Amino acid sequence: MRVGIGALVGIVGGPATYARELVAALVRTGGHDYVVFTDRPEVFRHLGVETIEVPLPTPYHQVTWDHWRLPGLLARARIDLYHGTKNVLPWRLPVPTVVTVHDLAVYAHPRSFSWGQRWHLRLLLPRSVATAARVITPSVHARDDVLARFRAAAGRTRSIPHGVGAQWLAPPPAAAVAAFRARHALGERLIACVGTLQPRKHADRVIEAFVRSEVARAGWQLVLAGRHRPGYAPAWLRALPPQVRWLGPLSDDDLRALHVAAPIAMSASEYEGFGLVLTEAMASGSAVIAVASSAVPEVVGDAGWLVARSDATLLADALAHLVAEPERRAALGARARARAAGFTWDEAACRTREVYDEVRG
């Protein structure tokens, strides 16, 4: 069967990583003919998979991408089934559909989205869930959220965890890590906080926890990295405390170098559909400090230090302990690496292919 996959990968973030890695694993594991509808065909060229370019001038054009450009291209490509990998489906399609809903943060934390994103998701998510033959979520938590809000999805929703790219389990060369440190003038003792800069990630609480813990006195630095959500520019970003660095969006190679260089990774996010940035830090051997809410306990398990809520005092206490206890830090890092290795994209692809087969009967 010819399976069309919508893959928006030009906007850095979890959905883009999901689309890129899932397509690669589906092609690797075989089973069907895949046609990728994407804003960046060059990303998939090395896979030898058929691609059809659907230009996306800006992130704000996703509405026209999904509902204006895509349907005609899908019809001309004679697709038997379409999988929308980023929360919504085109308004009208003549073939069965599958949609991946990464989370319902637009309802739980609406301030994390621009007004345009809120309008788009709140208008299209209910219809996409109602019309899809199957709904895929990356965690049990996300599945339960979908079922609680959209009761019509009962029986059609499948929880399939994301994977961790094999590159995250293979440490970059020491020279690459050293070059990364030198390029950004970073010291030897680093704490990483990676993720899109938006309100629900609470990067400001990580910064407050770092200051409260007073670990800067021992030479530790806090390094934040990630892209800005369009239209969000917090005031604290213009006046960072000493020993706190903001690096902005990084390439995959630089992110790998950061995580290898940082024995501790922190997150104050209180709502995650999965938490890819946590699994990537875990795969790199970082001891993770995160919040025991939403999907985070499913992902981290006992391989990290989970605090009860997104609170700077609790995060500071955990950080102070891990800095003061190198043996505990190393043990958590080893446990995290082993747990992360259990999340594979090949497994995610096999289970996703089973969903396609269910739909086509």
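Everything below is about the structure shown above.
No experiment lies behind these values; they were computed from the predicted model shown.

1. Concerning the pairing of strand S6 (residues 134-137)
(1) Moving on: By the alternation rule, side chains of S6 split into Arg134 and Ile136 and Val135 and Thr137, which are all buried.
(2) Moving on: Direction of pairing for strand S5 (residues 97-100) relative to S6: parallel, over a ladder of three bridges. Residue pairing across strands places Thr100 opposite Ile136, the latter belonging to S6.
(3) Moving on: Direction of pairing for S6 relative to strand S7 (residues 157-159): parallel, over a ladder of three bridges. Each residue of the ladder has a partner; that of Ile136, found in S7, is Arg158.
(4) Moving on: The parallel pair S6 and S7, bridged by helix H5 (residues 140-149), forms a crossover whose chirality is right-handed.

2. Considering the sheet that holds strand S9 (residues 220-225)
(1) Moving on: Pairing in this open sheet of six strands is parallel, and the strands run S10-S9-S8-S11-S12-S13 from one edge to the other. Here the strands that pair on one side only, and so sit at the sheet edges, are strand S10 (244-246) and strand S13 (304-307). Across the sheet, the mean angle from the axis of one strand to that of its neighbour is 20°, orientation sign disregarded.
(2) Moving on: Pairing geometry for strand S11 (residues 264-266) and strand S12 (residues 287-291), over three bridges, is parallel. Note that in S12 the partner of Met266 across the bridge is Ile289.
(3) Moving on: Those strands touched by helix H11 (residues 312-324) are strand S8 (189-194), S9, S11, S12 and S13, and its axis lies near 155° from that of S13.

3. A closer look at the packing of aromatic side chains
(1) Moving on: Going through the model one piece at a time under the given rule, you end up with three aromatic pairs.
(2) Moving on: Geometrically, the ring pair formed by Tyr18 and Trp345 is tilted, given 6.1 Å between the ring centres and 55° between the ring planes. Linking Tyr18 in helix H1 (residues 14-29) with Trp345 in helix H13 (residues 345-360), this pair joins segments that are 327 residues apart in sequence. Across this residue pair, the class does not change: Tyr18 and Trp345 are buried.
(3) Moving on: Taking 5.7 Å as the distance between ring centres and 85° as the angle between the ring planes, the aromatic pair formed by Phe274 and Phe343 counts as edge-to-face. Of this pair, Phe274 sits in the loop between S11 and helix H9 (276-283) while Phe343 is found in the loop between helix H12 (326-340) and H13, placing the two residues 69 residues apart along the sequence.
(4) Moving on: If you follow Arg149 out to its NZ or CZ, it ends over the ring of Tyr107, 3.9 Å from the centre.

4. Observations concerning the nonpolar core
Across soluble globular proteins, nonpolar side chains show a tendency to be buried alongside one another.
(1) Moving on: Ranked by internal contacts, the top residues of the largest apolar core, which has 58 residues, are Leu258 and Tyr356.
(2) Moving on: Counting residues per element, this core draws most heavily on H1, at seven residues.
(3) Moving on: Beyond its immediate chain neighbours, meaning those up to four positions away, Leu258 contacts Phe180, Ala192, Val194, Val223, Ala225 and Leu250.

What counts and how
Each chain has its residues counted from 1, running along the sequence as written. Local features in this predicted model are restricted to residues of pLDDT 70 or higher, and side-chain atom pairs are both shown and tallied only at a pLDDT of 80 or more, whereas totals for entire chains, interfaces and linings draw on every residue. Side-chain calculation: all heavy atoms of the structure are included, whereas hydrogens and water are not. Relative accessible area decides the class of each residue, using a 1.4 Å probe on protein chains only: under 20% of the type maximum gives buried, over 50% gives exposed, and in between gives partly exposed. Secondary structure follows DSSP: runs of H or I at least 4 residues long count as helices, runs of E at least 2 residues long count as strands, and numbering of each begins at the N terminus. Whether two strands pair comes down to DSSP finding at least two bridges between them. Crossover handedness is defined by viewing with both strands directed away from the observer: a clockwise path from the first strand over the helix to the second marks the crossover as right-handed. Axes here mean lines fitted to C-alpha atoms, for a helix over just the part in contact, with angles spanning 0 to 180 degrees between N-to-C directions. We call two residues in contact whenever any of their non-hydrogen atoms come within 4.5 Å of each other. Aromatic pairs are defined between Phe, Tyr and Trp rings, using the six-membered ring for Trp, whenever the two ring centres lie within 6.5 Å; interplanar angles under 30 degrees are classed as stacked, those over 60 as edge-to-face, and all others as tilted. Charge over a ring is defined by NZ of Lys or CZ of Arg lying within 6 Å of the ring centre and within 35 degrees of the ring normal. Definition of nonpolar core: a set of buried residues of the types Ala, Val, Leu, Ile, Met, Phe, Trp, Tyr and Cys, connected through side-chain atoms within 4.5 Å.

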